[in-house]
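Residue-level listing of the chains:
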Amino acid sequence: MAKMKSKTKKTLKIVGLALAGVVALGLLSFGIKAIVDYTKNDLKKVTLIYDVGNLGSDGKYVSDESTLYTKEAFLCDGLQIKLDFDNQINYQIYYYDDLDNFIESTDVLSESYSGVIHDGYARLVIIPTNDEDEKISWTERITYPNQMTVKVKKNQNIKYVTAYAKRLSCVDNVSMLRFVHGDFDINSNGSYSFISTDKYAVTSKDLLVVKGGEKITFNDISEVYGVTLFCMELTEINGNIICQKKTTMNNGVSLVLEKKTQYCLFVYQIIDETTDKLVEIPESVLSNSFDILSITVSK
């Protein structure tokens, strides 16, 4: 009788564990479904029309019978591109601002892509990888695009401002800032402007949206260079973006923004610590600027 009770308890325990496993799997499935549903709700599929042709290094149309391109640009905030497993294509992304001025392009891509916020519009070029006659047929106009799925955020919230003869996107996260070679400095007549130089890097494509009274903290995290940051505080007056203050920031310095400040623009320079001299910023450093410096915004 005792053996029977023991066996019954063991059976009940196994059944209980099995039911717990089913419940756990159900909860896990629910969690996965919730994540998938959130992604589906946050993004929308974009149906694009492709023509035979290509885009050049300047972002303009180039005659090419072996590739496909999207003649019409599309809003691209949150751009995601997923390739079919058995695809036979590569592709390239070309970015444009809201005035259809070409900004930049990616390298030729062979894998799926997930992009951060970018200037407002994009065009795609599809490059077949196994097309023997190197000529796009009518059926291939359909079959090649069908090997990729293109999605963007449902809400396209990119804002632009024009400042100092440039069109800049407004971002609310420091990590979205893009540094390029150049400087933003005062001229002999007292006005500011963007200038070309390889000895400085400037966020001449983006403005960081801030509020007056917030604190900007800079840290030099480079093990090779000495980094100095320059913070420009900008505000809008009568429809014009004006630089009201420029602050030089060394490692560990914090800056409380002026009450009227609406945007910040940043410039940095690097010094070779072995020679203590200002040096040109290498492309490898420029493209990974946040590996040598840290900018934080706090209240």
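Residues numbered from 1 in each chain as written. Predicted model: local features only at pLDDT ≥ 70, side-chain atom pairs only at ≥ 80, totals over all residues. Heavy atoms only, no water.

Draft legend 1. Quick peek at the sheet that holds strand S7 (residues 80–83). Spatially, the four strands line up as an open sheet ordered S1-S12-S7-S10, and their pairing is antiparallel. The outermost strands of the open sheet, each flanked by one partner alone, are strand S1 (43–45) and strand S10 (113–114). Direction of pairing for S7 relative to S10: antiparallel, over a ladder of two bridges. Looking at the pairing, Ile81 lines up with Tyr113 of S10. (Pairing = 2+ DSSP bridges. Helix = DSSP H or I, 4+ residues; strand = E, 2+ residues; numbered from the N terminus.)

Draft legend 2. The pairing of strand S11 (residues 121–128), seen in detail. Burial analysis of S11 places six of its eight residues in the buried class, which makes it a mostly covered element. Note that strand S5 (residues 68–70) and S11 share two bridges and pair antiparallel. Pairing of Tyr69 across the sheet is with Val125, part of S11. Pairing geometry for strand S6 (residues 74–75) and S11, over two bridges, is antiparallel. Bridge assignment links Phe74 to a residue of S11, and that residue is Ala122. In this structure, strand S8 (residues 89–96) lies alongside S11, joined through eight bridges in antiparallel fashion. Counted as the bridge partner of Asn90 is Ile127 from S11. (Buried < 20%, exposed > 50% of the residue type's maximum accessible area, 1.4 Å probe, protein only.)

Draft legend 3. Up close: the packing of aromatic side chains. Counted according to the given criterion, the structure contains nine aromatic pairs. For the ring pair Phe184 and Tyr192, a centre distance of 5.2 Å and an interplane angle of 10° mean the geometry is stacked. Both residues of the pair, Phe184 and Tyr192, belong to the buried class. Measuring from ring centre to ring centre gives 4.9 Å for Phe184 and Phe194, while their planes differ by 55°; the resulting arrangement is tilted. One end of the pair, Phe184, is in strand S16 (residues 183–186); the other, Phe194, is in strand S17 (residues 192–195), with ten residues separating them in the sequence. (Phe/Tyr/Trp six-rings, centres within 6.5 Å; stacked < 30°, edge-to-face > 60°.)

Draft legend 4. Region of interest: the sheet that holds strand S26 (residues 293–298). What the three strands build is an open sheet, ordered S23-S20-S26; its pairing is antiparallel. Edge positions in the sheet fall to strand S23 (254–256) and S26, since each of these pairs with one other strand and no more. Between one strand and the next, the sheet's axes are offset by a mean angle of 15°, whatever the strand orientation. Bridging between strand S20 (residues 215–220) and S26 involves six bridges; their strand directions are antiparallel. Bridge pairing links Thr217 to Thr296 in S26. (Axes fitted to C-alpha atoms, helices over the stretch in contact; angles between N-to-C directions.)

Draft legend 5. Main features of the confidence of the model for the protein. For the protein, the mean per-residue pLDDT works out to 85, and 84% of the residues sit at or above 70. Note on residues 1–39: pLDDT under 50 across the span, and zero contacts to partners over four residues away in sequence or across chains. (pLDDT = per-residue confidence, 0-100. Contact = heavy atoms within 4.5 Å.)

Draft legend 6. Broad picture of the environment of Phe218. Here Phe218 lies in strand S20. Spatially, the C-alpha atom of Phe218 lies 5.7 Å from that of Val253, the residues being 35 residues apart in sequence. Those residues in contact with Phe218 that lie beyond four places of it in its chain are Val227, Leu229, Met249, Asn250, Asn251, Gly252, Val253, Leu293 and Ser294.

Draft legend 7. Region of the structure containing the nonpolar core. Grouped together as the largest cluster of nonpolar side chains are 26 residues, with contacts concentrated most on Leu208, Phe266 and Tyr268. Contributing elements (two or more residues each) for this core: S20, strand S21 (225–237), strand S24 (263–272), helix H3 (283–286) and S26. Filtering out sequence-adjacent residues up to four positions away, Phe266 remains in contact with Leu177, Phe179, Ala201, Val202, Thr203, Leu208, Ile216, Leu229, Phe230, Cys231, Met232 and Ile295. Core analysis: the second largest hydrophobic core is formed by 21 residues, Leu48, Tyr50, Leu79 and Tyr91 among them. (Core = buried A, V, L, I, M, F, W, Y, C linked by side-chain atoms within 4.5 Å.)

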